[in-house]
Amino acid sequence: ARLRAAGADVLFARFGEAFEKTGEGQFQFNPLSMQDYVSLLEVVEDVTTPVHVVHFGCCEGSTVRSEDALDKSLNTGLRSVLYLVQALDRKRERSATELSVVTTGAVSLTDPEECTSPEAASIWGLLKVAAMELPQVSMRAIDLDASDHQMSDVALLVEELSHKSWQAEVAYRQQKRFTPSVRRTEVVDTNLNDSALKPHGVYLITGGLGGIGLSVARWLAERYSAHLVLVGRTPLGEQSGDGAKKT
């Protein structure tokens, strides 16, 4: 309602069995059907451009108490977003598309207990990868405060969705806005004698044997005379060529 009051063209879609129009500007669709998402995006394109999709399937907080509840939460959360991203990829020729996924309790800022919904946290990881594979789609995750889920969040969310300064990751805690940042820090010298790595220790390295994994293995062998177990999906020689023979 607030977005409409601000002059936006808004279509509302609920989860259901199959794609169909249920009223003026209202639809239902199967969250596990990429084709339903494609059909929905085609309807949106006929109404307004640019297209801004807002996904609310995982913003109710964690209600997982059983395996069935987890499966249901993943269907309306992670899996649903995955099919939506695939539909956006199918429609990749369209320009100026935005995707915002709203979660609750998906991330922790200072207290690990803030992350009350690990199934919602998985969506943040998905969006990080999807944003690199679909650079034509602007993607962001917005996490609301699970302990303070009030009507005030609605105003904050509307403002965020209208924000001209796009941030890929945003979290609200006690009505304050937080975004990740990188800052310079001093590197403290580490006493190798206090290291968890021990001379002649045995270490298991899995994956990355065509690059960084093999480099770490070489470093361990040279620095600690370590006994190494290297595990990969393909024979070591095929992954690393001459690099494997040299170690």
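1. Remarks on the sheet that holds strand β1 (residues 12-15)
So, step 1. Spatially, 3 strands are ordered β1-β3-β2 in an open sheet, and the strand pairing comes out mixed. Two strands close off the open sheet at either side, each with one partner strand: β1 and β2 (20-23). This sheet shows a mean twist of 35 degrees between the axes of neighbouring strands, independent of strand direction.
So, step 2. The pairing of β1 with strand β3 (residues 26-29) spans 4 bridges and is parallel. Each residue of the ladder has a partner; that of Arg14, found in β3, is Gln28.

2. Points about the packing of helix α4 (residues 78-90) against helix α5 (residues 118-133)
So, step 1. One can describe the packing of α4 onto α5 by two numbers: an axis separation of 9 Å at closest approach and a directional angle of 15 degrees. Between α4 and α5, the crossing angle belongs to the class labelled roughly parallel. For α4 against α5, the interelement crossing comes out right-handed. Note on element contacts: α5 touches α4 through Ser122, Ile123, Leu126, Leu127 and Ala130, opposite Leu78, Val81, Leu82 and Val85.
So, step 2. Class assignment of the residues belonging to the contact of α4 with α5 gives a composition of 8 nonpolar, 1 polar and no charged.

3. Quick look at unusual backbone geometry
So, step 1. A positive phi angle is found at His200, which is not glycine, with a value near 65 degrees.
So, step 2. Residue position: His200 is located in the loop between β8 (176-178) and β9 (202-206).

4. Some details on the confidence of the model for the protein
So, step 1. Residues of the protein with pLDDT of at least 70 account for 84%, and the chain-wide mean is 83.
So, step 2. Contacts from residues 242-247, a stretch scored under 50 in pLDDT, to residues over four places away or in other chains number 6 contacts.

5. Considering the pattern of salt bridges
So, step 1. Taken as a whole and judged by the stated rule, the model has 5 salt bridges.
So, step 2. The salt bridge involving Arg140 is made with Glu160; its shortest N-O contact spans 3.5 Å. In this pair, Arg140 sits in strand β6 (residues 137-144) while Glu160 sits in helix α6 (residues 152-161), placing the two residues 20 residues apart along the sequence.
So, step 3. By relative accessible area, which is 0% here, Glu160 ends up buried.
So, step 4. A network of salt bridges, in which partner residues are shared, links Arg140, Glu160 and Arg177.

6. Considering the pairing of β3
Along any regular strand, the residues point their side chains to alternate faces of the sheet.
So, step 1. Strand direction decides the pairing type here: β2 and β3, joined by 3 bridges, are antiparallel. By the bridge assignment, Gly23 is partnered in β3 with Gln26.
So, step 2. Where β2 folds back on β3, the antiparallel hairpin that results is connected by 2 residues, among which Gly25 adopts a positive phi of roughly 70 degrees.

7. Quick notes on the environment of Ile123
So, step 1. Inspection of the secondary structure assignment puts Ile123 in helix α5.
So, step 2. For Ile123, a relative accessible area of 0% gives the class buried.
So, step 3. Residues Ile123 and Thr103 lie 20 residues apart in sequence; the distance between their C-alpha atoms is 8.5 Å.
So, step 4. With sequence-adjacent residues up to four places away left out, Ile123 is seen in contact with Cys58, Gly77, Leu78, Val81, Val101 and Thr103.

8. Describing the nonpolar core
So, step 1. Ranked by size, the top nonpolar core spans 31 residues in total, and within it Val81, Val85, Leu88, Leu99, Leu127 and Met139 carry the most contacts.
So, step 2. Mapped onto this core, the elements with two or more residues apiece are β3, α2 (34-47), β4 (51-58), α4, β5 (97-104), α5 and β6.
So, step 3. Ile142, Leu144, Leu161 and Val170 belong to the second largest nonpolar core, which has 9 residues in total.

9. Describing the environment of Val85
So, step 1. Following the sequence through the fold, Val85 ends up in helix α4.
So, step 2. Taking the C-alpha atoms as reference, Val85 lies 9.3 Å from Val137; in sequence the two are 52 residues apart.

10. Let's talk about the packing of aromatic side chains
Describing an aromatic ring pair means giving the distance of the ring centres and the angle of the ring planes.
So, step 1. Under the definition given, this model contains 4 aromatic pairs.
So, step 2. Ring centres of Phe29 and Tyr37 lie 4.8 Å apart, and the angle between their planes is 55 degrees; this geometry places the pair in the tilted category. Tyr37 carries the same exposure label as Phe29, and that label is buried.
So, step 3. Plain terms: the ring middles of Trp219 and Tyr224 are 5.6 Å apart, the flat faces sit at 70 degrees to each other, and that makes the pair edge-to-face.
So, step 4. Taking relative accessible area as the criterion, Trp219 reaches 36% and is therefore assigned partly exposed.
So, step 5. In this structure an aromatic cluster arises from ring pairing among Phe15, Phe29 and Tyr37.

How each quantity is defined
Every chain is numbered on its own, with residues counted from 1 as its sequence reads. Since the coordinates come from a predicted model, pLDDT governs what is reported: local features require at least 70, and pairs of side-chain atoms require 80 or more to be given and counted, while whole-chain, interface and lining totals use all residues. Derived side-chain values reflect all non-hydrogen atoms in the structure, with water molecules and hydrogen atoms excluded from consideration. At least two DSSP bridges between two strands are required for those strands to pair. Under the DSSP-based scheme used, a helix requires at least four consecutive residues in state H or I and a strand at least two consecutive residues in state E, with every element numbered from the N terminus. Only the stretch in contact is used when fitting a helix axis, every axis being a line fitted to C-alpha atoms; angles between N-to-C directions are given from 0 to 180 degrees. Should an angle lie under 35 degrees it is considered roughly parallel, over 145 roughly antiparallel, and from 65 to 115 roughly perpendicular; all remaining angles are considered oblique. A clockwise turn of the near helix away from the far one marks a right-handed crossing, whereas an anticlockwise turn of less than a right angle marks a left-handed crossing. Here a residue-residue contact requires only that any non-hydrogen atoms of the pair lie within 4.5 Å. For this classification, the nonpolar set comprises Ala, Val, Leu, Ile, Met, Phe, Trp, Tyr, Cys and Pro, the charged set comprises Asp, Glu, Lys and Arg, and every other residue, Gly included, is treated as polar. The quantity known as pLDDT measures the predictor's confidence residue by residue, on a range of 0 to 100. Salt bridge criterion: a side-chain nitrogen from Lys or Arg within 4 Å of a carboxyl oxygen from Asp or Glu. Exposure is judged per residue with a 1.4 Å probe applied to protein chains only, and the accessible area is read against the type maximum: over 50% gives exposed, under 20% gives buried, and values in between give partly exposed. Residues grouped as a nonpolar core are buried Ala, Val, Leu, Ile, Met, Phe, Trp, Tyr and Cys residues, joined through side-chain atoms within 4.5 Å. Under the pairing criterion, centres of Phe, Tyr and Trp rings, with the six-membered ring standing for Trp, must be within 6.5 Å; the plane angle then separates stacked pairs below 30 degrees from edge-to-face pairs above 60, leaving the rest tilted.

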